[in-house]
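The primary structure of each chain is shown beneath.
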Amino acid sequence: MPVIALVDDDSIFQFTATRMLESAKLARNILHFENGGEALTYLKENSLIAESLPDYLFLDINMPFVDGWMFLEEFTSLKNSLAKQIRIFMVSSSIDPRDLNRAREFEEVIDFVVKPITVERFSELLKTG
Amino acid sequence: MLPEYLSSAIESSSRVIIFSLDKNYRYTAFSSSHFQTMKKIWGVEIELGANLVEILDRINKTDAEKAKANFDRALSGESFTTIEEYGDEQIHRIFWEDRYDPIYDLERRVIGVVVLVLEVSDRMELLNKVSETNQRLSLALNAAQIGIWEWNMITNEIIWSDEVLEIYNLDKSYGQLSFEKYLTYVHLDDLEKLKADIATSLKNNSQYDTVHRVILPNGTLRWISGTGKVITEDGHPVKMIGTVVDITQRKQMEEANRVQEQALEHRDFMLSALAEATSQLAIEPDIWIGLQKALEILGTNTGVDRVYVFQNKIQPDGVYSSIKLEWNSGVAAPQIANADLQNFQFAAAPSLYQCLVENRAFKKHVRDIVEADFREVMKNQQIKSVIMLPVQVQNQFWGFIGIDECKTERQITEAEYSIIKSFAITVGALLEQKQFEKENKDWQTRYELVTRSAGQIVYDYYVPSGKIIWSDNLLKEVGCPQSEIDTVEKWKSLVHPDDRQAAFDLRDKAAEALSEYDVTYRFFSKKKGYLHMRDRGFFMANNLGKAYRMLGVMQNITNEKIAEEDLRESESRFRTLQEASFGGIGLHYQGKILDANKGLTDLTGYSNEELIGMNGLQLVAPECLDEVKAKITAGYDVPYDVIGIRKDGSRYNLEIHGKNIPHQGKIIRVTEFRDITDRKQNEQKILEQNNKLTLIADDLKRKNEQLDEFTQIVSHNLRSPVSNIISLLDFYEKSSDEKEKISFITMLREASTKMSNSLHELNEVLKIKENKDIAHQELLFENVLANVKQQLNIQIADSKVVINTDFLRAPLISYPNIYLESIFMNLLSNAIKYRSPNRTPEISFSTHQENGEILMKVKDNGLGIDLKKYGHHVFKLRKTFHKHPESRGIGLFMIKNQIEALGGEIFIESVENVGTTFTVKFVKN
């Protein structure tokens, strides 16, 4: 089972998502980050420890500090030094096509997901990913 | 007493007059003839006893005295004869031969005189004549210096006339000269011949002629010419008479003549030598070869030893001369290779140079040459005498001809000198001519090049014979050889039939008037068909004033003709186009209008005639002239606007669109004139509209941005909680745990509160956006800030922040109070919130004016923001950059909206851990 990281400042989303992932037994371990900066710091610190690194990362666009785009930009240069390949899901409550297009520029972004995410959706994503 | 018959004979003879006188001159007897005579001549009747002297005395004292003297003489005992002249002037003078004899008595005492008178007038006449003749002869002989001699062969005496003595410069003492003695004077070389001549003459009784020389006693030489004739008596030569003439002078003259003739002959000889030399020069194409030959001719004919030519060269440091040619007689060594004579510097021979440069001959015996070095050089060449003559070419001292005499010092004769001088001048002239010819040739070559390259054919038409000579390029240009148009008839036949009449008429007229002729016609060329030819010529008159020769130039202008046609066609097309154009079109050259269409007339109010020739700039308003001129000069070809002026002075908006067109080597400008008054007005409107639109567009853009932002905000800030609520509700429904359910409800409440807050904020923002017409108040920055400081006094006290203000430069503003308060509130609270823990917080507020706008700067020394990372987020909703418990991230967003709603702007500058400066631009209202 994969390690999953949730990068979002919305605590309620963190809660509901975690609940869904645990109940569906979709994750071995769930990592929580309030913003991109925290996530990056963790990745840097654990870059060589594969077990600590997430397999999947759900990334919210709108976060304070380092938002989703900023994270992705930094991640692009970081990913090659990581012990594991991380697949990223872009998450947002907006369906702005501009966000969709922008997400496509990053090859590690596998998909763009719109909130609210149902458990069914989660399992769908994690199966195919 | 005489016998009777004798006395009567005497008596009767009229010619014999006899009378006798006694001692007292009284007639003792007289013949009747005497009586008659006395009567006839003297008018006196004599009688015996009359005193003849007294009688004569009465008639003519002189005659009387003469007679008396004679009588006395006779009475003294002398017999003599006289010839007397008697008679007075009136009567023809008569000559009497009077024979006076004394009469003796028996004692031989003189008792009287008898006079026998013969009238000898005839004889006297004769004698006179003879005497005259003799005199004349004598004079003649004297004048001719002819002497006469008579050689009495019997007595061997020679009698000479005085002239002879003079001739022979003998004094009279010589008087008689013997033949032998004479011969001793004769020149030895001539002696034998003379003797022979005389001997022959004697033998043959013939006359001899002689010319021989004599050497006189004083040693001088005389030339004698003479004749001799033998006089015979009874066939024996008895005497010889002859003449002698001193022909010494003549001989001398002859000699002089001969010498002169020789000299003349020599001169003629030299002249012909000169002529030959000159012709050599003239015919020999290479002047140096010709000169060489000429020098030889001159040299051999003048008997000099060297003839040479030097040519000058002008160097920076003086004039030098070098020997170029030499003829040598063989007497002295040739000098052509003498190094001294190459680049001989005239400075070494000033006397020579002076002469030559003044175009005078330098004639000198070498020993007389002044300059030592120069003399040496000459001596080394064995020259005794020298002549050097300058050769002038185009009035420049070109060089010189020299003549050396090496055998002896010789003065050149005048003839020789003038020959050589002529030669020098001829050489100069020929050199000039050669130069000329070369120049001519050059010019001819240039001329030919030009005519050839210009495709012009030159012709020479000799009217009387009708023959025409063409220049070489005829074949090339027209495609036929000379022989095919070498007569005027042949030429005529090649002129196009339609053009013939006009061409010939013009030609005839020109020939009549001896004027120039300029005509174009079509001319048939076998190779090229009909060519357009331009024929220009002029006639020359003979001395009768009739045209006898024509020189002209024919030029193939087919291409030009074609071009002309094309141009004409295009011009007419253009004209059509012009007229069709709706605008005014003008063609101008250097400002002057060449052509204008109707449109321009309509536009400007000037008639077409007025326009043509007018200065185009007159159609433009004075204030625009500079611009127009500059644009014309620069060949500006983009339409531009100016103000135009019509004929009536009215102004209008004029669009000018000019274009430079090269035409026949000139640059002509075509300009289109358009009245754009309407358009200008429209433009104005459009501009205004544009401005409005721009404002609207700006507005829309801003609104769009804001809308975008808004959408973003809505979608995120509202959708987030909504999606949370949905998820939570789902959990709630699926949950059976009460405790869990309660926590879900709490979370639900949180989410809905978030949503509600967002909605509220959005509402606030909407209100700002909608409330553009919010009321403005006259505010003092100082006061509004004071108010805000009051509201934040706790935070100010806690943070110990120092607040500085400087509103002096712009203390006032007309602005909504709420907004200004909000701005101050947000910026101040932010600055306090984000102060640095390391230093005393300091915030400065300042205002100033710039370009009519009021700007405010709010500067703090707080934490600062990494603008590189977060610059784009600064004014966005819910963007916080610090983990600050109180940062909600809406303040800046709010005030940005407020500021922008009223047309202002806000900027941020910041450096992390140094501080931040916000600049607010309020729009001037």
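The structure displayed is predicted, hence computed values, not measured ones. (Residues numbered from 1 in each chain as written. Chains lettered and ligands numbered in written order. Predicted model: local features only at pLDDT ≥ 70, side-chain atom pairs only at ≥ 80, totals over all residues. Heavy atoms only, no water.)

Caption draft 1: The arrangement of the overall build of chain B in detail. Within chain B, the regular secondary structure consists of 27 helices and 33 strands. Scored against the burial criterion, the 925 residues of chain B give a buried share of 42%. Restricting the contact set of chain B to residue pairs at least 6 apart, pairs at least 24 apart contribute 50%. For chain B, the exposed surface amounts to about 51900 Å²; the carbon and sulfur share of it is 53%. (Helix = DSSP H or I, 4+ residues; strand = E, 2+ residues; numbered from the N terminus. Buried < 20%, exposed > 50% of the residue type's maximum accessible area, 1.4 Å probe, protein only. Contact = heavy atoms within 4.5 Å. Areas by Shrake-Rupley, 256 points an atom, 1.4 Å probe, with all protein chains shown as cover.)

Caption draft 2: Quick look at the interface of chain A and chain B. Counting from both sides, the interface comprises 24 residues of chain A and, opposite them, 27 residues of chain B. Summing both partners gives a buried area of about 2300 Å² for chain A against chain B, and 54% of it is carried by carbon and sulfur. On the chain A side of the interface with chain B, the three residues burying the most area are Ile12, Phe65 and Ser93 of chain A, jointly 27% of the side's total. Linking chain A to chain B there are two salt bridges. For the side of chain A that touches chain B, the element with the highest residue contribution is helix α1 (residues 11-23) of chain A, accounting for seven residues. (Buried area = accessible area lost by both parts, 1.4 Å probe. Salt bridge = Lys/Arg side-chain N within 4 Å of Asp/Glu carboxyl O.)

Caption draft 3: Local environment of helix α23 (residues 781-791) of chain B. When α23 of chain B is considered as a whole, its buried residues turn out to be Phe781, Val784, Leu785 and Val788 of chain B. The buried residues of α23 of chain B occupy one face: seen down the axis, they fall within an arc of 95°. (Arc of directions from axis to C-beta.)

Caption draft 4: Geometry of the nonpolar core. Phe71 of chain A together with Tyr815, Phe824, Leu828 and Phe922 of chain B are the most contacted members of the largest nonpolar core, which totals 77 residues. In terms of residues, this core owes the most to one element, helix α25 (residues 817-833) of chain B, which gives eight residues. In this structure, Ile297, Leu325, Ala361 and Ala424 of chain B belong to the second largest nonpolar core, which totals 33 residues. (Core = buried A, V, L, I, M, F, W, Y, C linked by side-chain atoms within 4.5 Å.)

Caption draft 5: Examining unusual backbone geometry more closely. Lys115 of chain A connects to Pro116 of chain A through a cis peptide bond whose omega is -5°. Secondary-structure assignment places Pro116 of chain A in the loop between β5 (109-114) and α5 (119-128). If you check the backbone angles, Arg108 of chain B has positive phi at about 65° while not being a glycine. Within the fold, Arg108 of chain B resides in the loop between β4 (94-104) and β5 (110-119). The class for Arg108 of chain B is exposed, based on a relative accessible area of 58%. At Gln590 of chain B, a residue that is not glycine, the phi angle is positive and equals roughly 50°. Among the secondary structure elements, Gln590 of chain B is positioned in the loop between β22 (584-589) and β23 (592-596). In this structure Gln590 of chain B comes out as exposed when scored by relative accessible area, which is 70%.

Caption draft 6: Up close: the pattern of salt bridges. Going through the model one piece at a time under the given rule, you end up with 47 salt bridges over all chains. Here Asp101 of chain B ties to Arg99 of chain B by a salt bridge, and the two come within 3.4 Å at their closest N and O atoms. With relative accessibility at 35%, the residue Arg99 of chain B sits in the partly exposed group. One network of salt bridges, with partners in common, ties together Lys79, Glu107 and Glu108 of chain A.

Caption draft 7: The packing of aromatic side chains, seen in detail. Residues and elements named next belong to chain B. The final tally for this structure, using the stated rule, is 39 aromatic pairs over all chains. Ring centres of Phe19 and Tyr27 lie 5.6 Å apart, and the angle between their planes is 70°; on these two criteria the pair is classed as edge-to-face. Given the relative accessible area of 6%, Phe19 is considered buried. By the ring-pair criterion, three or more aromatic residues cluster together here, those being Tyr308, Phe310, Phe344, Phe346, Tyr353, Phe362, Phe374, Phe397 and Phe400. The ring of Tyr732 has Lys741 sitting right over it, with the charged end atom 5.4 Å from the ring centre. (Phe/Tyr/Trp six-rings, centres within 6.5 Å; stacked < 30°, edge-to-face > 60°. Lys NZ or Arg CZ within 6 Å of the ring centre and 35° of its normal.)

Caption draft 8: Highlighting the packing of helix α2 (residues 36-45) of chain A against helix α3 (residues 68-78) of chain A. All names here are of chain A. Relative to each other, α2 and α3 sit at 10°, their axes nearing to 10 Å. Regarding the angle of α2 to α3, the classification is roughly parallel. For the crossing formed where α2 meets α3, the hand is right-handed. Contacts between α2 and α3 involve Gly36, Ala39, Leu40, Leu43 and Lys44 from the former and Phe71, Glu74, Phe75 and Leu78 from the latter. Counted by class, the contact of α2 with α3 contains six nonpolar, one polar and two charged residues. (Axes fitted to C-alpha atoms, helices over the stretch in contact; angles between N-to-C directions. Parallel < 35°, antiparallel > 145°, perpendicular 65-115°, else oblique. Left-handed = near helix turned anticlockwise from the far one by under 90°. Nonpolar A, V, L, I, M, F, W, Y, C, P; charged D, E, K, R; others polar.)

Caption draft 9: Structural context of the sheet that holds strand β25 (residues 651-663) of chain B. Residue and element names in this part refer to chain B. The strand order β23-β22-β26-β25-β24 describes an open sheet built from five strands, whose pairing is antiparallel. The open sheet has two edge strands, β23 and β24 (640-645), and neither has a second partner. The sheet shows a mean angle of 40° between the axes of neighbouring strands, direction not considered. Across six bridges, β24 lies against β25 in antiparallel orientation. Considered in β25, the bridge of Ile645 is made with Arg651. (Pairing = 2+ DSSP bridges.)

Remember that the coordinates give geometry; whether it matters functionally is a separate question.
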